[in-house]
Amino acid sequence: MSKDYIRPMSKTWYMERSYWRRFMVRELTSAFVAIYCVFLLYAAYQAKSADSFSVFFEYLKKPASLIWHFVVFLMVTWHTITWFAAAPKALRVYKGEDRVPEPIVAGAHFAAWLVVSLVVAWLVMG
Amino acid sequence: MASNAATTNGSGAEKTITLEVFRYLPDEDSEPRYDTYEVPYKQEWVVLDALNWIKDNVDGSLTYRWSCRMAVCGSCGMMVNGEPELTCSSFLRDHYPNKIRVEPLSHFPVMRDLVINMDDFMHKMEDVKTWLIPKEPRNLEDGEYRQSPAELAEYKDFSMCINCMLCYSACPVYGLDSTFVGPAALALGQRYNLDSRDGAEDERADVIQSDHGVWHCTFVGACSKVCPKSVDPAGAIQMGKVKGTTDWIKSKLLPWGSK
Ligand code: SF4
Ligand code: FES
């Protein structure tokens, strides 16, 4: 028993297999989701008066802010795509005896995402 | 690509492929080593055929597990070029002409050469109680249990598990902390929880809903990718999380409890 050989995982284990690397990228994107939630709370706080919001709004137009938003956009988009792609694992839908295929369940999520995005875009820009 | 005909014929030189095999002899070695073998390359050969060829022709002491040769018994799982695979269904042609490195399933202690110690997995199945525990005792006169095709469909996927442990080798959470109950044991727990004849979900929850159970899972999803039987342990575990959460909410919100 005691002679069993134990192979410990390396410190950089997540680099060793493609699906582990993809997992780590996804975990990284969730940090951006969290940080941006805090940022949104801060924005809501700045909206307490018209004055403070207009100051804040000027900051939003600066290049650094635009770059930050672009990066967050990419990260959150990737997070959402991988989240919806994984959704059928948690949501097993049956139609009688047959399981509704995973791509259909995932597709429904993506369709809902598209509709909600279009509605929001229409509200904001229209 | 060549047809099914053998790649050797009397006149031509025999094609070979290189296997690099993990060797460890507990009584002699303190560290493992890799032995290299030139094995005949055949279009229809799997890695297990190559290992058998080595054992028959080069080194009879090479130790590994196998039985059915048809992806049913679940005993021949090994790392093939770093990926957990059933060696009886992992073809040499998918790697040829590159060499193939064969190692014991990762994340498990190695007993000898390619044989891992599976005690931990066996204990986990016992902990989860991966067998049918009927709701109430039933007499023979009461006849058989009836189950509709729809009831069967609910757990059938999860019942296809052949206990090959590839999913444990794919799971970094288990690799980093082997107290995690792990994919197959949790999927099998779900298999019995979902069975209309079973009544032991609460008993299993002590393990399944513990910190070492479904809540230890970070949803890497690799278990479901490598599973040769499409069991989808990741799905079973996420279902377990959803069930645990709804049960908890019900027990908090409904004064009469969820049971
Ligand atoms: S769940 Fe799949 S990979 Fe895991 S032990 Fe069962 S058959 Fe093997
Ligand atoms: S030898 Fe039985 S699964 Fe490979």
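The rules behind the values
- Residues numbered from 1 in each chain as written.
- Chains lettered and ligands numbered in written order.
- Predicted model: local features only at pLDDT ≥ 70, side-chain atom pairs only at ≥ 80, totals over all residues.
- Heavy atoms only, no water.
- Helix = DSSP H or I, 4+ residues; strand = E, 2+ residues; numbered from the N terminus.
- Buried < 20%, exposed > 50% of the residue type's maximum accessible area, 1.4 Å probe, protein only.
- Areas by Shrake-Rupley, 256 points an atom, 1.4 Å probe, with all protein chains shown as cover.
- Lys, Arg positive; Asp, Glu negative; His and termini not counted.
- Charge placed at Lys NZ, Arg CZ, Asp CG, Glu CD.
- Core = buried A, V, L, I, M, F, W, Y, C linked by side-chain atoms within 4.5 Å.
- Contact = heavy atoms within 4.5 Å.
- Disulfide = S-S within 2.5 Å.
- Axes fitted to C-alpha atoms, helices over the stretch in contact; angles between N-to-C directions.
- Parallel < 35°, antiparallel > 145°, perpendicular 65-115°, else oblique.
- Left-handed = near helix turned anticlockwise from the far one by under 90°.
- Nonpolar A, V, L, I, M, F, W, Y, C, P; charged D, E, K, R; others polar.
- Salt bridge = Lys/Arg side-chain N within 4 Å of Asp/Glu carboxyl O.
- Pairing = 2+ DSSP bridges.
- Near = heavy atom within 4 Å.
- Domains from an automatic or database assignment.
- Buried area = accessible area lost by both parts, 1.4 Å probe.
- Polar contact = N/O pair within 3.5 Å; in protein donor to acceptor, adjacent residues only side chain to side chain.

(A) Summary view of the overall build of chain B. Assigned secondary structure in chain B consists of nine helices and seven strands. Its C-alpha atoms give chain B principal-axis dimensions of about 80 × 40 × 35 Å. Evaluated residue by residue, chain B yields a buried proportion of 48% over its 259 residues. Of the roughly 12700 Å² of accessible surface on chain B, 51% is carried by carbon and sulfur atoms. Across chain B, the 27 positively charged side chains and the 38 negatively charged ones have centroids separated by 4 Å.

(B) Seen up close, the nonpolar core. Residue and element names in this part refer to chain B. Counting residues in each nonpolar core, the largest one holds 66 residues, and the members touching the most others are Leu 19, Leu 51 and Leu 114. It is helix H1 (residues 47-57) that provides the largest number of residues to this core, a total of five residues. Setting aside chain neighbours within four positions, we find Leu 51 in contact with Leu 19, Val 21, Leu 62, Tyr 64, Met 78, Val 102 and Leu 114. Membership of the second largest hydrophobic core comes to eight residues, among which are Phe 158, Ala 187, Leu 194 and Cys 227.

(C) The state of the cysteines, seen in detail. All names here are of chain B. Following the criterion strictly, the structure yields zero disulfides over all chains and no others. Considering cysteine sulfurs only, Cys 167 is the nearest to Cys 223, which forms no disulfide, with 6.4 Å between them. What makes Cys 223 buried here is its relative accessible area of 8%.

(D) Inspection of the environment of A:Val71 at higher detail. Mapped onto the elements, A:Val71 comes out in helix H3 (residues 63-90). Spatially, the C-alpha atom of A:Val71 lies 27 Å from that of A:Ala108, the residues being 37 residues apart in sequence.

(E) Up close: the packing of helix H6 (residues 183-193) of chain B against helix H9 (residues 233-253) of chain B. Residue and element names in this part refer to chain B. At their nearest, the axes of H6 and H9 sit 8 Å apart, and the two run at 60° to each other. Our classification of the angle between H6 and H9 gives oblique. Two packed elements cross with a definite hand, and for H6 against H9 that hand is left-handed. Contacts between H6 and H9 involve Pro 183, Leu 186, Ala 187 and Gln 190 on the former and, on the latter, Pro 233, Ala 236, Ile 237, Met 239 and Gly 240. Its residues assigned to classes, the contact of H6 with H9 shows seven nonpolar, two polar and no charged.

(F) Representation of the pattern of salt bridges within the structure. All names here are of chain B. Applying the stated criterion to the full structure yields 22 salt bridges over all chains. In this structure, Glu 144 and Arg 146 form a salt bridge, with 3.7 Å as the shortest nitrogen-oxygen distance. Given the relative accessible area of 53%, Glu 144 is considered exposed. Accessibility expressed as a relative area gives 71% for Arg 146, which makes it exposed.

(G) A look at the sheet that holds strand E5 (residues 100-104) of chain B. Residue and element names in this part refer to chain B. Strand order in this open sheet of five strands is E2-E1-E5-E3-E4, and the pairing throughout is mixed. Of all the strands in the sheet, the pair left with one neighbour each is strand E2 (33-40) and strand E4 (83-86). Adjacent strand axes in the sheet meet at a mean angle of 35°, parallel and antiparallel pairs treated alike. Judged from the eight bridges that link them, strand E1 (residues 16-23) and E2 form a sheet pairing that is antiparallel. Each bridged residue has a counterpart across the sheet, and for Val 21 the counterpart in E2 is Asp 35. In the packing of H1 onto the sheet, contacts are made with E1, E2, strand E3 (77-80) and E5, and the angle to E2 comes to roughly 100°.

(H) Structural view of the site of ligand 1. Residues in contact with ligand 1, as listed here, are B:Cys161, B:Ile162, B:Asn163, B:Cys164, B:Met165, B:Leu166, B:Cys167, B:Ala184, B:Cys227, B:Pro228, B:Val231 and B:Pro233. When its residues are assigned to classes, the shell around ligand 1 shows 11 nonpolar, one polar and no charged.

(I) Focus on the domain arrangement of chain B. All names here are of chain B. Under the domain assignment used here, chain B contains domain 1 (2-116) and domain 2 (119-253). Taking the mean C-alpha position of each, domain 1 and domain 2 sit 32 Å from one another. At the junction of the two partners, domain 1 supplies 14 residues and domain 2 supplies 15 residues. For the pair domain 1 and domain 2, the summed buried surface comes to about 1100 Å²; carbon and sulfur atoms form 68% of the total. Contact with domain 2 buries area across many residues of domain 1, yet Pro 84, His 107 and Phe 108 alone supply 49% of it, more than any other trio. At the junction of domain 1 with domain 2, the criterion picks out zero salt bridges. Taken together, domain 1 and domain 2 are joined by four residue pairs in polar contact (both at pLDDT 80 or more). Mapped by element, the contributors of at least two residues to the side of domain 1 that touches domain 2 are E3 and E4. Among the elements that make up the side of domain 1 that touches domain 2, the one with the highest residue count is E4 (three residues). Looking at the side of domain 1 that touches domain 2, its residues break down into nine nonpolar, four polar and one charged.

(J) Inspection of the interface of chain B and chain A at higher detail. Taken together, the contact pairs 47 residues of chain B with 22 residues of chain A. Approximately 2700 Å² of surface area, both sides summed, lies buried where chain B meets chain A, with 59% of it carried by carbon and sulfur atoms. Where chain B touches chain A, the interface holds three salt bridges. Residue B:Asp232 pairs with A:Arg92 through a salt bridge whose shortest N-O separation is 3.4 Å. Counting residues per element, the ones that place at least two in the side of chain B that touches chain A are E4, strand E6 (110-112), helix H3 (149-156), helix H4 (166-170), helix H5 (172-176), helix H8 (222-226) and H9 of chain B. Taken together, the residues of the side of chain B that touches chain A break down into 27 nonpolar, 11 polar and nine charged.

(K) Looking closely at the packing of H6(B) against helix H7 (residues 201-208) of chain B. Residues and elements named next belong to chain B. At a minimum axis distance of 10 Å, the contact between H6 and H7 shows a crossing angle of 165°. In terms of their interaxial angle, H6 and H7 are classed as roughly antiparallel. The chirality of how H6 crosses H7 is left-handed. Taken together, the residues of H7 that come into contact with H6 (itself represented by Leu 186, Gly 189, Tyr 192 and Asn 193) are Glu 201, Arg 204 and Ile 208.

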